[in-house]
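So you can see what is in the structure, the chains are spelled out below.
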Amino acid sequence: VQLQASGGGLVQAGGSLRLSCAATGLTFSNYAMGWFRQTPGKEREFVAAIVRSGLAPRYADSVKGRFAISRDDAEDVVYLSMNSLTPEDTAVYYCALRPLAKYPIAAAREYDYWGQGTQVTVSS
């Protein structure tokens, strides 16, 4: 199983980015996906999670209304659309994968596979 995250970069405050995470080596539709982020010296922080398209995703309070997670099971990709970015969103963003559950899972320890991370830097 491999997860390849991309789409990070440098953006000004108020701007937008869309992260992608492509999964290979598994039947993607059988798995739930999550996005997490981490800054130096801090623990990995939950951002968003999705079980299946059409079911309600889950978001951290800090990103609700600004970020949107989605998945394309035909392309084996999960996306994180990020709008109204602030410097506090600066972090390395990781995608993660776990077996399907009834609800989106926020705990990082519940995820089995992780992507390599993509840096998002928001300038003020």
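Okay, so let's go over this structure. (Residues numbered from 1 in each chain as written. Predicted model: local features only at pLDDT ≥ 70, side-chain atom pairs only at ≥ 80, totals over all residues. Heavy atoms only, no water.)

A short note on the pairing of strand S8 (residues 77-82)
- Most of S8 is tucked away, with 5 of its 6 residues classed as buried.
- The sheet contact formed by strand S3 (residues 17-24) and S8 spans 6 bridges and is antiparallel. Counted as the bridge partner of Cys 21 is Val 78 from S8.
- Linking two consecutive strands that pair antiparallel, namely strand S7 (residues 67-72) and S8, is a turn of 4 residues; a positive phi of about 60° is found at Asp 76 within it. (Buried < 20%, exposed > 50% of the residue type's maximum accessible area, 1.4 Å probe, protein only. Helix = DSSP H or I, 4+ residues; strand = E, 2+ residues; numbered from the N terminus. Pairing = 2+ DSSP bridges.)

Thoughts on the nonpolar core
- The biggest cluster of nonpolar side chains holds 34 residues, and the ones touching the most others in it are Trp 35, Leu 80, Met 82 and Tyr 93.
- At the level of secondary structure, the elements contributing two or more residues to this core comprise strand S1 (2-6), S3, strand S4 (31-38), strand S5 (45-50), S7, S8, strand S9 (91-99) and strand S11 (118-123).
- Beyond its immediate stretch of four places on either side in the chain, Leu 80 contacts Leu 17, Arg 18, Leu 19, Trp 35, Val 47, Ala 48, Phe 67, Ala 68, Ile 69 and Tyr 93. (Core = buried A, V, L, I, M, F, W, Y, C linked by side-chain atoms within 4.5 Å. Contact = heavy atoms within 4.5 Å.)

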